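# Results of the structural survey
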Amino acid sequence: MCGIVGMINGHPVASDLVSGIQRLEYRGYDSAGVATVDGGQIRRRRAVGPVSALRSLVDQVPLPGHAGIAHTRWATHGAPSEANAHPHVVGAVGVVHNGIIENHDELRDELLAIGRTFESQTDTEVVAHLLDLALESCGDPMMALREVSTRLEGSFAIGMIVSSDPDALYATCRNGPLVVAQEPGAAYLASDGSAIAPFVDAIQVLECGDRAELRRGHIRVLDERDREVERPTRSVRESEAEAGMGEFPSFMMKEIHEQPEVLERQLAAYVDGATGAIRLPVETLADKDQLILSACGTSYYACLLARYWFEEIAGMPCRVDLASELRYRNPALSDRHGAIFVSQSGETADTLAALRLVESVGMRSLAIVNVEESAMAREASFVIGTLAGTERGVASTKAFTAQLFALLCSAIELGRLRGRIADDEVQSLINEVLHTIPQAVILTIACSARLQAYAESLASQPRAIFVGRGPSFPLAMEGALKLKEIAYVHAEGFAAGELKHGPLALIEEGTPVIAIAPHDALFEKSLSNVQEAAARGAAPFILTDADGIGRALKLGDALVIPQVPALAQPFAYATALQLIAHHAATAAGNDVDRPRNLAKSVTVE
Ligand code: M6R
């Protein structure tokens, strides 16, 4: 949460800094700010709201200076206001910060006691004061960063400029993502590669405790023990460099349309073209008695859905835990358990803490992540990259189906390793299921106009209920989350069989009930549950396939989703649910990519 960028080069940087944080808006958009060093002074502009507000300000009143820092904020300490917007400037230093300083209260009291005064409610201003004091006493910004870091509890990525040196930027991080990059005559820092991708060819990912001094064309990195180190450099990825939404109305819609391409990419990467073998690092899980899957939000629903696959295909008992619960529960863990953590960002605080908990008791974890240089990818024993490319929409779409694909392939490979399925069955699953998935998504996207017509009627509803059975139950929860998240309609997903155990009381005349009901062994049961709701006034909308549509239409509105093998169905239905949410949010006039109160990377508990 919060995005930071820093740049130094041979021309004024303010405008490029604003472009950089614009590309990081998925990390927060409550307020934004930029500061540069010029003529021995730190100058800044700050604005409440999305980065576009700061852009107007900087365009109207340009900022001079060849070195600077910028920030887009997701408020934690203090409301979204100009005073709380970063950069925070105290004496000789300007600071941007992503993360949380847990002992900020205590540090603030200490600073108040020596006469320091505060302009904001943020934890970051405390850091700026400490850095100013440290710089005053030691005169060396790198030493000051070191000294202050030892006093801070929590996680952080910090960028700093100092008024006395217009030719340098400084940075440090602990459990917060930070990348740096150098080009001839320039240097950059950012929360992730996408912010600076238009300016650089390659980036270095800093490690926990690193400090960096950036000068034009040169970066010096010191590790926690003060040794000069060279962190590995990697090229900027195509998806990081992509500029915008192209022909689409939002990043979310663009990402919905990218799903077939992502799934094809995964297929090519996970399945060996020559031998037909699935190549994923799941071997150590094969002899375990139970799998523990853990994640947050949409990634948690991917885990809940995958449980059906691990149990059915691989015969592995499975438990699925919200990471925020697992980490605080004293869970019964043993070496007979295999642990899988799923995350788009790879930096969600609770999932990372749960992964660390598991690794700390000597278990080896598998991380299924989209951001491959994330903390989870670095700290897990095994990693599967979901290869979805940068996901900018706050509402996860392509990352979700990519997680499902990685989990399905893992379940098939585990089934083979455990002797539950023979090699020829694996081949059939690859040919008859995995290969059909991208096409299933393409055909579902083709239903967009019909889904839009329905979704427009949802936008004005006070609530909506999603139901499903089997793998369609987690999908119901995911569909409800998507709708809540961007259309602000109160939605809940229920197991269809649970309606009569309480949720039916919510049904009033016209309450929308969206049923995910492929024509499978549970179809009739799901339909009975929908009928029970309809009998009490609900307005059903049934997503089913060609075999189910006749029956479904007798109960209410219904739509044919492409008929695909059972294991491929969730990909098609997930796409339909994403489109419903997107169209409902658009009909409500909401900013689909910047839903209120949210940010994409949740690095706070
Ligand atoms: O990066 P992660 O997958 O760990 O993020 C977990 C959740 O914050 C995330 O899935 C969230 O629920 C999405 N915004 C849902 O669309």
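Quick note: structure is the one above.
Attention in this report is confined to the structure presented alongside it. (Residues numbered from 1 in each chain as written. Predicted model: local features only at pLDDT ≥ 70, side-chain atom pairs only at ≥ 80, totals over all residues. Heavy atoms only, no water.)

What follows concerns the overall build of the chain. In terms of helices and strands, the chain carries 20 helices and 25 strands. Relative to a compact globule of 605 residues, whose C-alpha radius of gyration would be 25 Å, the chain shows 25 Å and is just as compact. Across its three principal axes, the chain shows a C-alpha extent of roughly 75 × 50 × 45 Å. Looking at the chain as a whole, 62% of its 605 residues are labelled buried. On the chain, roughly 21800 Å² of surface is accessible, and the fraction owed to carbon and sulfur atoms is 49%. (Helix = DSSP H or I, 4+ residues; strand = E, 2+ residues; numbered from the N terminus. Rg over C-alpha atoms; globule rule 2.2 N^0.38 Å. Buried < 20%, exposed > 50% of the residue type's maximum accessible area, 1.4 Å probe, protein only. Areas by Shrake-Rupley, 256 points an atom, 1.4 Å probe, with all protein chains shown as cover.)

Further remarks concern the side chain of Ser 31. With respect to the helices, strands and loops of the structure, Ser 31 is situated in strand β2 (residues 31-38). If near-sequence neighbours (up to four positions away) are discounted, Ser 31 is found in contact with Ala 47, Val 48, Gly 49, His 71, Thr 72, Arg 73, Ser 81 and Ala 85. (Contact = heavy atoms within 4.5 Å.)

The next thing to look at is the pattern of salt bridges. Side-chain pairs of opposite charge can arise where the charged atoms are in close proximity. What the rule picks out here adds up to 35 salt bridges. Between Asp 557 and Arg 450 there is a salt bridge whose closest N-O contact spans 2.6 Å. Here Arg 450 lies in helix α16 (residues 448-458) and Asp 557 lies in strand β25 (residues 557-560), a separation of 107 residues in the sequence. The partly exposed category is assigned to Arg 450, whose relative accessible area is 31%. Between Glu 508 and Arg 463 there is a salt bridge, with the nearest N and O atoms lying 3.6 Å from each other. Highlighted residues: Glu 508 in the loop between β22 (490-495) and β23 (512-516) and Arg 463 in strand β21 (residues 463-468), separated in sequence by 45 residues. For Glu 508, a relative accessible area of 47% translates into the label partly exposed. In this structure, a network of salt bridges that share partners links the residues Asp 165, Glu 213, Arg 215 and Arg 220. (Salt bridge = Lys/Arg side-chain N within 4 Å of Asp/Glu carboxyl O.)

Taken together, 15 residues surround the ligand, and among them Ser 299, Ser 343, Ser 345, Thr 348 and Glu 485 come closest. In this structure, Ser 299 approaches the ligand through a side-chain N or O atom, which is 2.5 Å from an oxygen atom. In the complex, 90% of the free accessible area of the ligand, which totals 410 Å², lies under the protein chains. Contributing elements (two or more residues each) for the shell around the ligand: α9 (297-314) and α17 (472-487). (Near = heavy atom within 4 Å. Polar contact = N/O pair within 3.5 Å; in protein donor to acceptor, adjacent residues only side chain to side chain.)

Within the largest apolar cluster, 94 residues are counted, with the highest numbers of intra-cluster contacts made by Leu 293, Trp 309, Phe 310, Leu 408, Leu 434, Leu 483 and Leu 543. In this view, Phe 310 contacts Leu 291, Leu 293, Gly 315, Met 316, Cys 318, Ile 340, Leu 407, Ser 410, Ala 411 and Leu 414; residues no more than four positions away in its chain are not counted. The next biggest cluster of nonpolar side chains, apart from the first, holds 29 residues, and it includes Leu 17, Leu 24, Val 34 and Val 236. (Core = buried A, V, L, I, M, F, W, Y, C linked by side-chain atoms within 4.5 Å.)

Turning our attention to the packing of aromatic side chains. Scanning the entire structure with this criterion turns up six aromatic pairs. Consider the rings of Tyr 300 and Tyr 301, whose centres lie 5.7 Å apart with planes at 50°: the pair is tilted. When sorted by exposure, Tyr 300 lands in the same class as Tyr 301, which is buried. Each ring, one from Phe 405 and one from Phe 571, has its centre 6.2 Å from the other, and the planes form 70°; the classification is edge-to-face. Highlighted residues: Phe 405 in helix α13 (residues 398-417) and Phe 571 in helix α20 (residues 569-587), separated in sequence by 166 residues. Per residue, the accessibility class of Phe 405 equals that of Phe 571, and both read buried. An aromatic cluster is built from Tyr 270, Trp 309, Phe 405 and Phe 571, whose rings are joined through pairwise contacts. Of note, Arg 108 hangs over the ring of Phe 118, and the distance from its end group to the ring centre comes to 4.6 Å. (Phe/Tyr/Trp six-rings, centres within 6.5 Å; stacked < 30°, edge-to-face > 60°. Lys NZ or Arg CZ within 6 Å of the ring centre and 35° of its normal.)

To continue, consider the sheet that holds strand β19 (residues 365-369). Strand order in the open sheet formed by five strands is β17-β16-β18-β19-β20, with parallel pairing between adjacent strands. The two strands at the open ends of the sheet, each matched to only one other strand, are β17 (318-322) and β20 (382-385). Within this sheet the neighbouring strands show an average axis-to-axis angle of 20°, counted without direction. Sheet topology note: the strand β18 (residues 337-343)/β19 ladder contains five bridges and is parallel. Paired with Phe 341 across the two strands is Ala 367, which belongs to β19. Where α13 meets the sheet, its contacts fall on β16 (290-295), β18, β19 and β20, and the angle it forms with β18 comes to roughly 160°. (Pairing = 2+ DSSP bridges. Axes fitted to C-alpha atoms, helices over the stretch in contact; angles between N-to-C directions.)

So, on to a negative patch on the surface. A cluster of like negative charges, contributed by Glu 102, Asp 105, Glu 106, Asp 109 and Glu 153, occupies part of the molecular surface. Looking at where Glu 153 falls in the secondary structure, it is placed in the loop between α5 (141-151) and β7 (154-162). (Patch = residues over 30% accessible without salt bridge, like charges linked within 9 Å, V, L, I, M, F, W, Y side chains within 5 Å. Lys, Arg positive; Asp, Glu negative; His and termini not counted. Charge placed at Lys NZ, Arg CZ, Asp CG, Glu CD.)

Here the focus is the sheet that holds β21. Spatial strand order, β22-β21-β23-β24-β25: five strands in an open sheet with parallel pairing. A strand with exactly one partner marks an edge of an open sheet, and here the two such strands are β22 and β25. This sheet shows a mean twist of 20° between the axes of neighbouring strands, independent of strand direction. In terms of strand pairing, strand β24 (residues 539-544) meets β25 through four bridges, oriented parallel. Looking at the pairing, Phe 541 lines up with Asp 557 of β25. Packing against the sheet, helix α18 (residues 523-534) makes contact with β21, β23 and β24, and its axis sits at approximately 165° to β24.

This part covers the environment of Leu 555. Relative to the helices and strands, Leu 555 resides in helix α19 (residues 549-555). Accessibility expressed as a relative area gives 16% for Leu 555, which makes it buried. Along the sequence, Leu 555 and Val 530 sit 25 residues apart, while their C-alpha atoms lie 7.9 Å from each other. Apart from the residues within four sequence positions on either side, Leu 555 is in contact with Leu 527, Val 530, Gln 531, Pro 540 and Ile 542.

Angle between the axes and distance between the axes are the two parameters that describe a pair of packed helices. The geometry of helix α8 (residues 251-270) relative to helix α15 (residues 437-445) is characterised by a closest axis approach of 8 Å and an angle of 170° between their N-to-C directions. Taken together, the axes of α8 and α15 are roughly antiparallel relative to one another. Between α8 and α15, the residues in contact are Ile 256, His 257, Gln 259, Pro 260, Leu 263 and Glu 264 and Ile 437, Pro 438, Val 441, Ile 442 and Ile 445, respectively. Of the residues in the contact of α8 with α15, the class split is eight nonpolar, two polar and one charged. (Parallel < 35°, antiparallel > 145°, perpendicular 65-115°, else oblique. Nonpolar A, V, L, I, M, F, W, Y, C, P; charged D, E, K, R; others polar.)

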